[in-house]
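Secondary and tertiary structure notes
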Amino acid sequence: MDSIKLFKQVTDVITTVILYILLLALILGMAKTLLEIRFIIFESLESGFNHMVTSVLTVFIVIDLFKAFVDYHEHDRIKLTDITDATILIVLREIAVGLYSQKFGYEFILSLAVLLLVLGIIRVLAVKYSPAKIQVPSTPVKEEEEEVQPLKTGLNALLDRCSSGPERN
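Owing to the predicted nature of the structure, the values given are computational and were not obtained by experimental measurement. (Residues numbered from 1 in each chain as written. Predicted model: local features only at pLDDT ≥ 70, side-chain atom pairs only at ≥ 80, totals over all residues. Heavy atoms only, no water.)

Focus: the overall build of the protein chain
Looking only at helices and strands, the protein chain features 6 helices and 0 strands. Shown N-terminal to C-terminal, the secondary structure of the protein chain runs as helices and strands in the order α-α-α-α-α-α. Every one of the 169 residues in the protein chain was classed for burial, and the buried ones make up 24%. Counted over contacts in the protein chain with a minimum sequence separation of 6, partners at least 24 positions apart contribute 63%. Entry remark: accessible area of the protein chain is about 12,800 Å², with carbon and sulfur atoms responsible for 67%. (Helix = DSSP H or I, 4+ residues; strand = E, 2+ residues; numbered from the N terminus. Buried < 20%, exposed > 50% of the residue type's maximum accessible area, 1.4 Å probe, protein only. Contact = heavy atoms within 4.5 Å. Areas by Shrake-Rupley, 256 points an atom, 1.4 Å probe, with all protein chains shown as cover.)

What to know about helix H4 (residues 80-101)
Over its 22 residues, H4 extends 31 Å from the first C-alpha to the last, a length consistent with the 32 Å expected when each residue adds 1.5 Å. Residues Thr81, Asp82, Thr84, Asp85, Ala86, Ile88, Leu89, Val91, Ile95, Ala96, Val97 and Gly98 constitute the buried set of H4. Remark: glutamine 102 follows H4 within two positions and exhibits a positive phi of approximately 55 degrees. (Expected span 1.5 Å × (residues − 1).)

Side note on a nonpolar patch on the surface
A grouping of Met30, Leu34, Ile37, Ile40, Ile41 and Phe42 is seen on the molecular surface, where their side chains present a nonpolar patch of about 610 Å² in accessible area. Listed by contribution, the elements that provide at least two residues to the nonpolar patch are helix H1 (3-35) and helix H2 (37-42). Top contributing element to the nonpolar patch by residue count: H2, with 4 residues. Residue placement: isoleucine 40 occurs in helix H2. (Patch = residues over 30% accessible without salt bridge, like charges linked within 9 Å, V, L, I, M, F, W, Y side chains within 5 Å. Salt bridge = Lys/Arg side-chain N within 4 Å of Asp/Glu carboxyl O.)

Points about the nonpolar core
In this structure, Ile88, Val91, Ile95, Leu112 and Leu119 together form the largest nonpolar core, which totals 5 residues. Elements with a contribution of two residues or more to this core: H4 and helix H5 (106-128). The biggest single contributor to this core is H4, with 3 residues. Discounting chain neighbours no more than four positions away, the residues touching valine 91 are Leu112, Leu115, Leu116 and Leu119. (Core = buried A, V, L, I, M, F, W, Y, C linked by side-chain atoms within 4.5 Å.)

Observations concerning H1
With 33 residues, H1 should reach 48 Å at 1.5 Å per residue; the first-to-last C-alpha distance of 48 Å fits that figure. Among all positions of H1, only Thr11, Thr15, Leu19, Leu22, Leu26, Gly29 and Thr33 are buried.

A few points about the side chain of threonine 33
Checked against the element boundaries, threonine 33 lands in helix H1. A polar side-chain atom of threonine 33 sits 2.8 Å from the main-chain carbonyl oxygen of glycine 29. Ignoring anything within four residues of it in the chain, the contact list for threonine 33 reads Met52, Ser55, Val56 and Val59. (Polar contact = N/O pair within 3.5 Å; in protein donor to acceptor, adjacent residues only side chain to side chain.)

Some points on the UniProt feature "transmembrane region" (unreviewed entry) in the protein chain
Here the UniProt-annotated "transmembrane region" (unreviewed entry) positions come out as residues 12-31, 51-70 and 108-126. Helix makes up 100% of residues 51-70 and strand 0%, with an end-to-end C-alpha separation of 29 Å. (UniProt positions renumbered as here; feature names shortened; annotations may be inferred.)

Considerations on the confidence of the model for the protein chain
When pLDDT is averaged across the protein chain, the result is 77; 75% of the residues are at 70 or more. Looking at the elements of the protein chain, mean pLDDT is at its lowest for helix H6 (residues 155-164), recorded as 55, and at its highest for H5, recorded as 89. A low-confidence stretch, residues 143-152 stays under pLDDT 50, and its non-local contacts, those more than four residues away or across chains, total 5 contacts. (pLDDT = per-residue confidence, 0-100.)

A short note on unusual backbone geometry
At aspartate 76, a position not held by glycine, the phi torsion is positive, near 55 degrees. With respect to the secondary-structure elements, aspartate 76 resides in the loop between helix H3 (45-75) and H4. Residue classification places aspartate 76 among the partly exposed residues on the basis of a relative accessible area of 39%.

See below:
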């Protein structure tokens, strides 16, 4: 058996198991969130709201991780946007928990905010310079009229595309 095929089969099994675990975690997290409505009704609104915000953000984190694993399972690649989205949600959850519990100092919240800013910049750059968006022009060039240029790929094509600006139709 080829080692690459073995690796593919093992990673498929592992991602399938993780997907089922994340699906179970998603179902249990949603049930926990629905059960925490009782905190709002029977306890103080502030305490109940704290539980709800924490639970909902945790469910969103699990959804993003689920989406990243499904994408990896289907396409055998990890999208940077999925990972940064999940990380941004984790940081937002920690900021929300820290603000509501008032157990973090302003320095820690400020450092999380800087981390959130950096993650946001990474997310924007990942969308703007996505490899899926870089397309090679498909218009044929006649050899008699113009000199044939070698096809530019990779970094050179990206730099030429960025320096020329958006083209209007």
